[in-house]
Amino acid sequence: MKDDRRAAAQAVALGSRGLLSVVVPAYNEAEGLPELHRRLSAVLDGVDLDAEILYVNDGSRDATLAVMEDLRRQDGRVGIVDLSRNFGKEIAMTAGLDLAGGDAVVVIDADLQDPPELIPELIRHWRAGHDVVYAKREFREGETWIKRATAHLFYRLIRRVSRVAIPSDTGDFRLLSRRAVDALKQLREQHRFMKGLFSWIGYSQHAVPYRRDPRFAGQTKWNYWKLWNFAIEGITSFTVAPLKLASYLGVIVSVSAFLYIVYMVVSTLLRGNPVPGYPSLMSVVLFIGGVQLICLGVIGEYLGRTFNEVKARPLYLLNRFEPAELDLAGATNAVSPSGDATDDDR
Ligand code: UDP
Ligand code: MG
């Protein structure tokens, strides 16, 4: 269904200005959405492209969906993707990308930390021939130095250990060309470290610097535990270096243990056994036990991910999809399919 929709959109786009889709994942963002929509639509009014805005409701518990429906009544460019429950931002974004019909797709946060005013700039670089135009943060206002420092460290680390160059200080705010979106849609892994996936597809990528604002309303859904898990996700889905690390650690510990044994044997032969070696024995046993547990843990991380992939579940389920009522040069009928989202939307 979505392919028909896109084909139609593209056919129309030939004779018209081209279509820009804006994907907005939102979880409990009722407070901030109207302001986002106001700023977003002001920006889109000034852009010489037709536009659709796909709000993805990621199982919000507040009035987010109602607010979206309000916005859709006011503005025909608004489409709503309603997921069956909260799947997390990465998957909400994926759902939006799957259903977006544009020649270019912009992904933007709902909390106004990504300024919509940057979109024309992104479009300019897209028109200059880049497939992925990502916004690179220059400042992180309203964030503690600990968060800044840990983020900095994380990006340095991941760049060192993985073969895919993941740019630092970038969020998910970016513009993707049609072929970049189509490439991304082929990556159906469950553990979606989006920044890594965006980089993995390659093509011509370009950075546009911007200032990251503090949240407009509501609370960030990230806490340190989530960020830690995010970091593990990023590392384990883009490199097997920790697995190698485990073996190196094992080798180092075994070699040292072996040397220590040789030393003990030699010194016992030469000097007898004056003191029973209880403390040294204990420390060696505990140390090796610790190393083994770490290695097991590392293997467990990868095994768990393999387990999740092997189940091959769909990434998300749709509760409802209400496409935008695009009025592309009077070709509305061609591009608005029935609202029911079925299996082939996934
Ligand atoms: N989000 C989502 N599902 C979630 C958590 C967050 O769709 O489970 C959305 C959220 O509504 C926002 C964006 O993802 O539009 C970024 O979330 P947040 O501001 O909490 O993250 P941060 O800006 O701190 O990285
Ligand atoms: Mg935010």
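The rules we used
Residues numbered from 1 in each chain as written. Chains lettered and ligands numbered in written order. Predicted model: local features only at pLDDT ≥ 70, side-chain atom pairs only at ≥ 80, totals over all residues. Heavy atoms only, no water. Helix = DSSP H or I, 4+ residues; strand = E, 2+ residues; numbered from the N terminus. Buried < 20%, exposed > 50% of the residue type's maximum accessible area, 1.4 Å probe, protein only. Polar contact = N/O pair within 3.5 Å; in protein donor to acceptor, adjacent residues only side chain to side chain. Contact = heavy atoms within 4.5 Å. Core = buried A, V, L, I, M, F, W, Y, C linked by side-chain atoms within 4.5 Å. Donors = N, O, S within 2.8 Å, 3.2 Å for Na, K, Ca; no water. 1 Å grid on protein atoms, 1.4 Å probe; cavity = no way out; pocket = protein on both sides within 12 Å on 5 of 7 lines; lining within 4 Å. Points joined across faces, edges and corners; volume = space filled by probe spheres on them. Nonpolar A, V, L, I, M, F, W, Y, C, P; charged D, E, K, R; others polar. Patch = residues over 30% accessible without salt bridge, like charges linked within 9 Å, V, L, I, M, F, W, Y side chains within 5 Å. Areas by Shrake-Rupley, 256 points an atom, 1.4 Å probe, with all protein chains shown as cover. Salt bridge = Lys/Arg side-chain N within 4 Å of Asp/Glu carboxyl O. Expected span 1.5 Å × (residues − 1). Axes fitted to C-alpha atoms, helices over the stretch in contact; angles between N-to-C directions. Parallel < 35°, antiparallel > 145°, perpendicular 65-115°, else oblique. Phe/Tyr/Trp six-rings, centres within 6.5 Å; stacked < 30°, edge-to-face > 60°. Lys NZ or Arg CZ within 6 Å of the ring centre and 35° of its normal.

Caption draft 1: How the structure looks around the side chain of D131. With respect to the element layout, D131 can be found in the loop between α5 (119–127) and β5 (132–140). A relative accessible area of 6% places D131 in the buried class. A polar atom in the side chain of D131 sits 2.6 Å from the side chain of S177. Excluding its chain neighbours within four sequence positions, the residues that come into contact with D131 are L175, L176, S177, R179, A180, Y203 and S204.

Caption draft 2: Structural detail: the nonpolar core. Judged by nonpolar contacts, the single largest core of 42 residues is most densely connected at V81, L83, L97, F154, L176, L184 and Y316. It is helix α4 (residues 89–99) that provides the largest number of residues to this core, a total of six residues. Sequence-distant contacts of L176, defined by excluding residues within four places in its chain, comprise L97, D103, A104, V105, D131, V132, V181, L184 and F198. Counting 36 residues, the second largest nonpolar core, distinct from the first, contains A30, V78, I80 and L112.

Caption draft 3: Focus on the coordination of the magnesium ion (ligand 2). Taken together, the protein donors to the magnesium ion (ligand 2) comprise D111 (OD) and Q113 (OE1), at separations of 1.8 to 1.9 Å. Considered together, D111 and Q113 belong to a single accessibility category, that of buried residues.

Caption draft 4: Summary view of empty space enclosed by the protein. Taken as a whole and judged by the stated rule, the model has two cavities of 30 Å³ or more. Roughly 40 Å³ of volume is contained in the largest cavity. Of all the secondary-structure elements, those providing two or more residues to the lining of the largest cavity are α4 and α7 (178–185). Of the residues assigned to the lining of the largest cavity, the class counts are four nonpolar, one polar and three charged.

Caption draft 5: Quick look at a nonpolar patch on the surface. A surface patch of nonpolar side chains, about 1000 Å² in accessible area, is lined by V251, V255, F258, L259, I261, V262, V265, V266, L269 and L270. Relative to the helices and strands, F258 is located in helix α10 (residues 241–271).

Caption draft 6: View of helix α9 (residues 224–238). Here α9 spans 21 Å end to end across 15 residues, near enough to the 21 Å set by a 1.5 Å rise per residue. The set of residues buried in α9 consists of F230, A231, I232, E233, G234, I235, T236 and F238.

Caption draft 7: Looking closely at the packing of helix α6 (residues 145–161) against α9. Contact geometry of α6 with α9 gives a least axis separation of 11 Å together with a crossing angle of 10°. The angle between α6 and α9 falls in the class roughly parallel. Two secondary-structure elements touch here, α6 through I146, K147, T150, F154, L157 and I158 and α9 through Y224, L227, F230, A231, G234 and I235. Considering only residue class, the contact of α6 with α9 consists of nine nonpolar, two polar and one charged.

Caption draft 8: Representation of the packing of aromatic side chains in the model. Evaluation of the coordinates by the stated rule reveals three aromatic pairs. Lying across the ring of F87, R85 places its NZ or CZ 4.0 Å from the centre.

Caption draft 9: Local environment of the environment of G196. Inspection of the secondary structure puts G196 in helix α8 (residues 194–200). Residue classification places G196 among the buried residues on the basis of a relative accessible area of 0%.

Caption draft 10: Spatial organisation of the environment of I166. Counting through the fold element by element, I166 comes out in the loop between α6 and β6 (170–177). Given the relative accessible area of 1%, I166 is considered buried. Residues I166 and W200 lie 34 residues apart in sequence; the distance between their C-alpha atoms is 8.4 Å. Apart from residues no more than four positions distant in its own chain, I166 is found in contact with Y155, I158, R159, F193, K195, G196 and S199.

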